Amino acid sequence: MPEFIPVVEKEDIHRQITRVAAAISADYEGRELILIGVLKGAFIFLADLARCLTLEKIKIDFLQASSYGADTVSSENIALKKDVDLDIRGKDVLLVEDIVDTGLTLTRLIAHLKGFGPRSVRVCAMIDKRERRKVAVAVDYACSTVADGFLVGYGLDYAENFRNLPEIYHMKL
Ligand code: 5GP
């Protein structure tokens, strides 16, 4: 049975989201913002973040990159499983990620979105795991920073399990 060590507790998650949502709302005041969630891991984070934003014009879309499957080690070959549906040309886009680890997924997704000619692309991540970064990538809005470890809960899975846990745990197999 894996061991679950709490890393980010419920109150902390909501405190961090409130802080980041206030910064995003201030930065995009008076503009339309398109939130693009990265499936599946960011679905709970995006739902909570979106409800904390005070902007009047928000649209929401999703895309999906390939997952780890039942592995806990990042793959360097990233495939796009689902593309955005909205027309983002000339729009301000905020890519909403669960975790930025090596940065490879994010780099690939940003390049992909830029191909549609948006006005801007910024990144909001629930967790920034900076110590394992392989490519320099800017996380414009980060809720929590962790050093290492494989995390589950609050949208994050291990082999599709544990996404529904209300807090974020370090899972030790
Ligand atoms: P990267 O390409 O930055 O190495 O990995 C990003 C993706 O890997 C994330 O969107 C997430 O799906 C997955 N990932 C990275 N670290 C973790 C982790 O600690 N737990 C889980 N469940 N997924 C992770």
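So, a few notes on the structure that sits alongside this text.

What counts, and at which threshold
Residues numbered from 1 in each chain as written. Predicted model: local features only at pLDDT ≥ 70, side-chain atom pairs only at ≥ 80, totals over all residues. Heavy atoms only, no water. Phe/Tyr/Trp six-rings, centres within 6.5 Å; stacked < 30°, edge-to-face > 60°. Helix = DSSP H or I, 4+ residues; strand = E, 2+ residues; numbered from the N terminus. Buried < 20%, exposed > 50% of the residue type's maximum accessible area, 1.4 Å probe, protein only.

One pass over the structure, following the stated rule, counts 3 aromatic pairs. Ring centres of phenylalanine 4 and phenylalanine 162 lie 5.0 Å apart, and the angle between their planes is 70°; on these two criteria the pair is classed as edge-to-face. With phenylalanine 4 in strand E1 (residues 3–8) and phenylalanine 162 in the loop between strand E8 (151–152) and strand E9 (168–172), this residue pair connects regions lying 158 residues apart in the sequence. Judged by its relative accessible area of 27%, phenylalanine 4 falls in the partly exposed class. Ring centres of phenylalanine 4 and tyrosine 169 lie 6.1 Å apart, and the angle between their planes is 80°; this geometry places the pair in the edge-to-face category. A residue pair is termed long-range when its members are at least 10 positions apart, and phenylalanine 4 in strand E1 and tyrosine 169 in strand E9 qualify at 165 residues. Residue classification places tyrosine 169 among the buried residues on the basis of a relative accessible area of 16%. Through pairs of rings, three or more aromatic residues link up here, namely Phe4, Phe162 and Tyr169.

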